[in-house]
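Examination of the molecular architecture
What follows is the residue order along each chain.
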Amino acid sequence: MSSYGELSASALAEMLDVTVQTLRADLRALDELRIVRRRHGGAMLAAASDNIDYQPRLAVSRDEKNRIAAAVAKMIPNGATVALGTGTTIEAVARALVGHEGLTVATNNIHVVLALRMAEHITILLAGGKVRLRDLDLIGAESSEFFGGLRFDHAVFSVGGVSETGDLLDFNLDEIRARQAISCCARERTLVIDHAKIGRLAPHCWGSIQGLDRIICGGPLAKSLKMAGRASGCELIEL
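Residues numbered from 1 in each chain as written. Predicted model: local features only at pLDDT ≥ 70, side-chain atom pairs only at ≥ 80, totals over all residues. Heavy atoms only, no water.

Where an unreviewed UniProt entry is consulted, the chain appears under the name HTH deoR-type domain-containing protein, with the organism given as Puniceibacterium antarcticum.

By definition, the strands of a sheet pair up through backbone hydrogen bonds, in either a parallel or an antiparallel sense. The 7 strands lie next to each other as S6-S5-S4-S9-S12-S14-S15, forming an open sheet whose pairing is parallel. On the outer flanks of this sheet lie strand S6 (122-126) and strand S15 (235-238), each paired with one strand and no other. With strand direction ignored, the average angle separating the axes of adjacent strands in the sheet is 20°. Summarising the sheet, strand S4 (residues 81-84) and strand S9 (residues 152-157) pair through 3 bridges and their orientation is parallel. Bridge pairing links Val82 to His154 in S9. Along the sheet, helix H4 (residues 62-75) contacts S9, strand S12 (186-193) and strand S14 (214-217); its crossing angle with S14, the most-contacted strand, is approximately 145°. (Pairing = 2+ DSSP bridges. Helix = DSSP H or I, 4+ residues; strand = E, 2+ residues; numbered from the N terminus. Axes fitted to C-alpha atoms, helices over the stretch in contact; angles between N-to-C directions. Contact = heavy atoms within 4.5 Å.)

A few words on the sheet that holds strand S11 (residues 167-170). If you walk across this open sheet you meet the 3 strands as S10-S11-S13, and the pairing is antiparallel. Either end of the sheet is taken by a strand with one partner, and the two such strands are strand S10 (161-162) and strand S13 (204-208). Inspection of the sheet shows S11 paired to S13 by 4 bridges, in the antiparallel sense. In the sheet register, Leu169 faces S13, and the bridge partner there is Cys205. Strands S11 and S13 of the sheet are contacted by helix H8 (residues 173-184), whose axis makes an angle of about 5° with S13.

Moving on, we come to the packing of helix H7 (residues 141-148) against H8. Here H7 crosses H8 at 5°, and the two axes come no closer than 8 Å. Regarding the angle of H7 to H8, the classification is roughly parallel. Facing H7, whose interface residues are Ser143, Ser144 and Phe147, H8 presents Arg177, Ala178, Ala181 and Ile182. In terms of residue class, the contact of H7 with H8 is built from 4 nonpolar, 2 polar and 1 charged. (Parallel < 35°, antiparallel > 145°, perpendicular 65-115°, else oblique. Nonpolar A, V, L, I, M, F, W, Y, C, P; charged D, E, K, R; others polar.)

Okay, structure coming up:
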């Protein structure tokens, strides 16, 4: 579809040798996932600046995210201070931390707050800023300033994508500013990604794995990414 731009439903149905009725049902599902955009009876690929909505992202690599979360939970001791970013993998990390005691968790992610709401022995600090309703997170200057004033033990965050040479990629500039602030507010910085993030395109590059202490990935990392990580002393954990 990327070679043709926008195509009508009838043209797509003919190319794929399916009925228009079948195609429209599939396009509806792809539109909900923000993979395509339906327009005027046709469809085109979604722009690279569009991320998939939060609910569909929950279903992507769910088992991987749970394995990643368990690995992070083992890494963080009771009594630690932890900054948690946004995204579905981070929500899984928060659920895995519920049994810890004496943690102080700072976040701009309302999903994290909800995941930890039954954890009586964890203190939660929530950033201010504009609420992005689609993802239930807080972004903007207030969020960045909040993390800028912290000196925590651990920062755990994800990204929209990672290039095979180790560039950190994302979709939204306000989201990037918050992630930069989170990554700079702690002594140890951990990037958590499922394998679908490797090689995934996004319009903004804001950093490199060379500035990280470790990467925890739910699948195999690209050879070039491993080389970049090892050269910088970044610990690579493949689950």
